[in-house]
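Fold and geometry: a report
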Amino acid sequence: MLKFINLTRRTEIGANSYYIEIGGHRLVLDCGMHPKNVGDEALPNFKAVVNRQLDAILISHSHQDHIGTLPVLMRRQPNARVFMTETTAEIGNALLHNSVNVMTRQREEINATLYPLFTHRETDQAADFWHSCPLRQRITIAGERATERDTDALTFEFFDAGHVLGSAGILLRAEGRTIFYTGDVNFDDQTIMSAAMFPEAKIDILIMESTRGDHAKPAHWTRASEERRLAGAIDRAFQRGACVLIPVFALGKTQEVLAMLYQFRREKLLTDFPIYIGGLSSKMTEIYDRRSHVSRRRLPRLQLMEEVAPFVLNGQTIRDAPARPGRIYALSSGMMVPKTLSNIFARRIIGNPRHSIFFVGYADPQSPAGILRDAQPGEEVTLDPDEPPQRVRCHIEQLQFSAHASREALIAYAKKLSPKKIVLVHGDPPAVEWMRVQLSLDSPNSEIVVPMPGAEIDL
């Protein structure tokens, strides 16, 4: 029997987490925090596994929606071993400590009485028990390197996912069967991150993300042409005396944007200009710099904090930072969650037709970033429920630098593996439905499964 439970509360990109029971062992893949919800609703549906003792927790990467509630699950499952790549462990530790700070502020700001869900001390204690694993090495859930004798034992292996630093797909083997979980993946090179290197041998079950399932890849899109489009848009904004806000995720998107801006300067597509980032973004960037020579990346010699030299803003200094022309503000959060730097700064410039906001990646349609991105000129929007609505007069532009694989690349990968079953996760309902229909047509020999949240299914 191979059992599976989608612990994400809805079919969405939220508190991503998945339970698998195979070979007499129980494990969870990822345990994220929902970026929009608060309290228990921000957690995965851990109640679905409350009476099941886990053997292992495997983390694909350190974005908040994949690692954000790990200390909570470890508290409830104290005997479960926790595995991730070494880089994910370093980044995840910093991110979870930042999350404690955010939750502590939210306790006062929005009366979130359950917050913080865990403490700094608990985060340090949890991190002491994490097992760091190299890529492309088979490991048993006892934490030992697998040997030839471990033919029937449950083992796992991490593969570079090309999404953000440290991200990995996870290959499970047990009783002659194979399961591959993509996590978040990118099959194309980015500016810093190299494309994923995933297994290509036939597997039995593919658990695959569906983030971009409702967005077709433009026919003539290339990353090089999109980079030129970004450089041109910045140049035009600067010529009319504008500043440019680019909402970014602290991990991944910040570093990709900084690397692009570095190249624009070096290639003289743009003259020198000041760049501002946030405090957590600077911590993540320092980790990218420290690991530049030991990670599989492009531009390995580039030290972003030294050579791009961004100024760093925080929750206090952002309030005194005026919107000055000829400057780039690459601020988190990418979703422009209320009270974050990007949200505060956007409310400062949204009504000024001179300034610009550029969106460069995924934004939940219901998030402040998604609402603003889709707004019409002159429309009133509310970016923070504690603040009055504002009329959109600034210049808004959407560019495509997603760190997620295109739907076309995901379909091609699934066809190449030709698994017996394909389980679709990590996508909003329209994205998952497009993937389901297309895979049904393109992979008729594979059973396509869209797991209902909270329901146990036999794979």
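Everything here concerns the structure above.
The following paragraphs examine the structure supplied in this document. (Residues numbered from 1 in each chain as written. Predicted model: local features only at pLDDT ≥ 70, side-chain atom pairs only at ≥ 80, totals over all residues. Heavy atoms only, no water.)

Comments concerning the side chain of Ser99
Position of Ser99 relative to the elements: it lies in helix α3 (residues 86-109). Residue classification places Ser99 among the buried positions, given a relative accessible area of 4%. Apart from the residues lying within four places of it in its own chain, the contact partners of Ser99 are Met33, Gln64 and Phe118. (Helix = DSSP H or I, 4+ residues; strand = E, 2+ residues; numbered from the N terminus. Buried < 20%, exposed > 50% of the residue type's maximum accessible area, 1.4 Å probe, protein only. Contact = heavy atoms within 4.5 Å.)

So, the side chain of Gln190
Relative to the helices and strands, Gln190 resides in the loop between β10 (177-181) and β11 (205-209). Residue class for Gln190 comes out buried when judged on its relative accessible area of 2%. One polar contact links the side chain of Gln190 to the main-chain carbonyl oxygen of Gly162, over a distance of 3.0 Å. Of note is the side chain of Gln190, whose polar atom sits 3.1 Å from the backbone oxygen of His163. (Polar contact = N/O pair within 3.5 Å; in protein donor to acceptor, adjacent residues only side chain to side chain.)

So, the pairing of strand β12 (residues 244-247)
Neither face of β12 is exposed, since Val244 and Ile246 on one face and Leu245 and Pro247 on the opposite face are all buried. By the bridge criterion, 4 bridges tie β12 to strand β15 (residues 328-331) in an arrangement that is parallel. Bridge pairing links Leu245 to Tyr329 in β15. The pairing of β12 with strand β16 (residues 356-359) spans 2 bridges and is parallel. Each bridged residue has a counterpart across the sheet, and for Leu245 the counterpart in β16 is Ile357. (Pairing = 2+ DSSP bridges.)

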